[in-house]
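Chain residues, written in single-letter form:
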Amino acid sequence: MSTEVLALAKYLVVVAVLLGLVTPLMVWVERRGMALIQDRRGPNRVGPLGLLQSLADGLKFIFKEDIIPASADKLMYLLGPVLALVPALTTFVVIPFAPPVEIDGSLVEMVVVPGEAGVLVFLAMASLGVYALVTAGYGSNNKYSSMGSVRAAAQLISYELALALAVLAVLLPVGSFELASVIEYQRSHFWNALLQLPGFFVFLVAMFAETNRLPFDLPEAESELVAGYATEYGSMKFALFFMGEYANMAILSGLMATLYLGGWSLPGWSPEPVWIDALLGAGVLAAKIALMMCVFVWVRFSFPRFRYDQLMRLGWKFLLPLALVNLLVVSALVVWGIY
Amino acid sequence: MSIAVFAIFAVLTLAFAIVVVAHPDPVKSTMSMVVVLFCLAVHFVLLGAPFVATLQVLLYTGAILVLFLFVIMLLNLQREHVPATQGVTQRWVALLGASFFAGFLGMLLWQAQGSALEEPLTEGFTSIRGLAEILFTDYLLPFEMVGLLLLVAVVAAAMLARQLGPPGDTAEEERR
């Protein structure tokens, strides 16, 4: 099979899993997890253990009346939810989701786009997520939306910097932008979470800010801004925003698993290039992503929300210097030959 | 196949570039510029520079144009309204400028014909490692100077923004 057909096949598989399986499952996990932490039951009427709740919600969204506010800027208003899916559909192409498999005699990397620029492509497409918020807030022609979108955009670009610096510190000992090389490095050394603890912490916090999840969900602060930039959106468009958010969460968890927790590898396991090992590797990565998603839900219902000035101060005056110091220390250790 | 991709993205680039210049609404102009820069990134990939393309999307589209949008929205810039008399003068000046530009471009292309690339593109020229080696050894001074230039621009912008506040604020600042 040619490389383009293979890449398309890999892309379609990942997209199908991401949008078709992860998002509805996450809705259920979030609501049951929320209930568990808040000492109540959660959805338990629709299907066994409330598992069909996501299906019911989806049907509700499809049948709801689709309203476009009269004074809204139509093009920008309709563009918002579409752009919200852009990072969700394009950022995962550089994450290796399984160990390489031998197909037709040649070793095929389980990455959709095995390019030299690796993580940079991820960061580039993730930075396009700001436009969804900006167009949604501007197009709604509503003060709550405008405030929410400006705050959200400021939050995203502030924490993007800390995220990128933490990623850079991980790439320094590896010597390459490709995520497959990062996984190889972690297989021969320890997991990066232990090797680069401050960087891990910075990435963790920046990850919450990048996905607009509590304690950084000021843009969607339900009690303060109605629904922030999503105030004027109903039915499927609202659903699209939240699909994009859950997909983003899963993809960033995947990036964290690959950069800091070893990706598809387990310490002491060297996979053969056969399908069964590839499936096992994908399962390992899925388990790590599932763990991170549970952490997302857990943190959401354990912390109060940051105020906007606290959020900005944290991003610029604490995380950014910490990430820079981490980078400095790691580069010193690399030069002295310890890493 | 790459000819088809080039054709599609060339048409998109030109069409949205015209929208950037011609549309009266500044927000739509900026969004069109986002599309133009994204298509430029595709052209970079077609020319064999995927790293530059990624940096283009990451920095220009992902950060600088967002700041453009911020400024436009915070200043609440309205749609442009050109009165009829001014419109006529603008069109004649535009025609003059365009013909100068066309003449200049033609002269450049005429002089450049026949001077194809001397050596084939090697790994050392296009890979990230090659770029980094040249950037941090041969071109280190220009690299550092560009960084300093950006710092000067940021400090200047901060200074200008400060002084534009109402007189009461700056008097309080000086007393402190």
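What you see is a predicted model, and the numbers here were worked out from it, not measured in a lab.

Rules used in this analysis
- Residues numbered from 1 in each chain as written.
- Chains lettered and ligands numbered in written order.
- Predicted model: local features only at pLDDT ≥ 70, side-chain atom pairs only at ≥ 80, totals over all residues.
- Heavy atoms only, no water.
- Helix = DSSP H or I, 4+ residues; strand = E, 2+ residues; numbered from the N terminus.
- Buried < 20%, exposed > 50% of the residue type's maximum accessible area, 1.4 Å probe, protein only.
- Contact = heavy atoms within 4.5 Å.
- Areas by Shrake-Rupley, 256 points an atom, 1.4 Å probe, with all protein chains shown as cover.
- Salt bridge = Lys/Arg side-chain N within 4 Å of Asp/Glu carboxyl O.
- Polar contact = N/O pair within 3.5 Å; in protein donor to acceptor, adjacent residues only side chain to side chain.
- Nonpolar A, V, L, I, M, F, W, Y, C, P; charged D, E, K, R; others polar.
- Patch = residues over 30% accessible without salt bridge, like charges linked within 9 Å, V, L, I, M, F, W, Y side chains within 5 Å.
- Phe/Tyr/Trp six-rings, centres within 6.5 Å; stacked < 30°, edge-to-face > 60°.
- Lys NZ or Arg CZ within 6 Å of the ring centre and 35° of its normal.
- Axes fitted to C-alpha atoms, helices over the stretch in contact; angles between N-to-C directions.
- Parallel < 35°, antiparallel > 145°, perpendicular 65-115°, else oblique.
- Left-handed = near helix turned anticlockwise from the far one by under 90°.
- Core = buried A, V, L, I, M, F, W, Y, C linked by side-chain atoms within 4.5 Å.
- pLDDT = per-residue confidence, 0-100.
- Expected span 1.5 Å × (residues − 1).

Section: the overall build of chain B
Helix and strand counts for chain B come out as eight helices and zero strands. Counted from the first residue to the last, chain B has its helices and strands arranged as α-α-α-α-α-α-α-α. Counting over 176 residues, chain B shows a buried share of 20%. Contacts in chain B between residues far apart in sequence, at least 24 positions, make up 54% of those at least 6 positions apart. As displayed, chain B offers around 13,400 Å² of accessible surface, 73% of which is attributable to carbon and sulfur atoms.

Topic: the interface of chain B and chain A
Taken together, the contact between chain B and chain A spans 21 residues of the former and 24 residues of the latter. A salt bridge links D73(A) to K28(B); the nearest nitrogen and oxygen atoms lie 3.3 Å apart. Between the two partners, chain B and chain A, sit three residue pairs in polar contact (both at pLDDT 80 or more). For the side of chain B that touches chain A, the secondary structure elements donating two or more residues are α2 (26–46) and α3 (50–74) of chain B. Looking at the side of chain B that touches chain A, the element that brings in the most residues is α3(B), giving 13 residues. When the residues that make up the side of chain B that touches chain A are grouped by side-chain class, the tally is 15 nonpolar, four polar and two charged.

Quick word on a nonpolar patch on the surface
Residue and element names in this part refer to chain A. On the surface, a cluster of nonpolar side chains totalling about 640 Å² of accessible area is made up of L52, L55, L59, I62, F63 and M236. The leading source of residues in the nonpolar patch is helix α2 (residues 53–63), at four residues. Here I62 is to be found in helix α2.

Remarks on the packing of aromatic side chains
Residues and elements named next belong to chain A. Per the stated rule, a full pass over the model turns up 11 aromatic pairs over all chains. Their ring planes at 75° and their centres at 6.5 Å tell us that F201 and F318 sit as a pair that is edge-to-face. Here F318 lies in helix α12 (residues 308–335) and F201 lies in helix α9 (residues 197–210), a separation of 117 residues in the sequence. On the basis of relative accessible area, F201 is assigned to the partly exposed category, the value being 38%. Residue F318 is classed as partly exposed on the basis of its relative accessible area of 40%. Ring-pair connections join several aromatic residues into one group, and the members of that group are F61, F238 and F242. Sitting over the face of the ring of F61, K60 holds its NZ or CZ atom 4.8 Å from the ring centroid.

A closer look at the packing of helix α6 (residues 143–174) of chain A against α3(B)
Helix packing geometry: the angle between the two helix axes and the distance between the axes. Their axes nearest at 12 Å, the elements α6(A) and α3(B) cross at an angle of 155°. Relative to α3(B), α6(A) is oriented roughly antiparallel. When you trace α6(A) past α3(B), the crossing you get is left-handed. On the side of α6(A), the interface is formed by V150(A), A153(A), A154(A), I157(A) and E160(A), while α3(B) contributes G62(B), V66(B), L67(B) and F70(B).

Some thoughts on the nonpolar core
Residue and element names in this part refer to chain A. One finds Y131, L179, F203, F216, L255, L259 and Y260 to be the most contacted residues of the largest nonpolar core, which totals 116 residues. In terms of residues, this core owes the most to one element, α6, which gives 15 residues. Setting aside residues up to four positions removed in sequence, L259 forms contacts with V167, V170, L179, V182, Q186, N192 and F203.

Observations regarding the confidence of the model for chain A
Put simply, chain A has an average pLDDT of 85, and 96% of its residues get 70 or more. Mean pLDDT per element in chain A: strand β2 (residues 106–108) of chain A is the minimum at 71, and α12(A) is the maximum at 92.

Focus: α6(A)
Residues and elements named next belong to chain A. For α6, spanning 32 residues, the distance from its first C-alpha to its last is 47 Å, which sits close to the expected 46 Å at 1.5 Å a residue. Within α6, 23 of the 32 residues are buried, leaving the element largely enclosed by the surrounding structure. Looking one or two residues past α6, G175 carries a phi angle of roughly 85°, positive in sign.

Things to note about the side chain of T23(A)
All names here are of chain A. Mapping T23 onto the fold places it in helix α1 (residues 3–37). A polar contact of 3.2 Å, which involves the side chain of T23, links it to the backbone oxygen of L18. Here T23 is in contact with L18, M243 and Y246, once residues within four sequence places are set aside.

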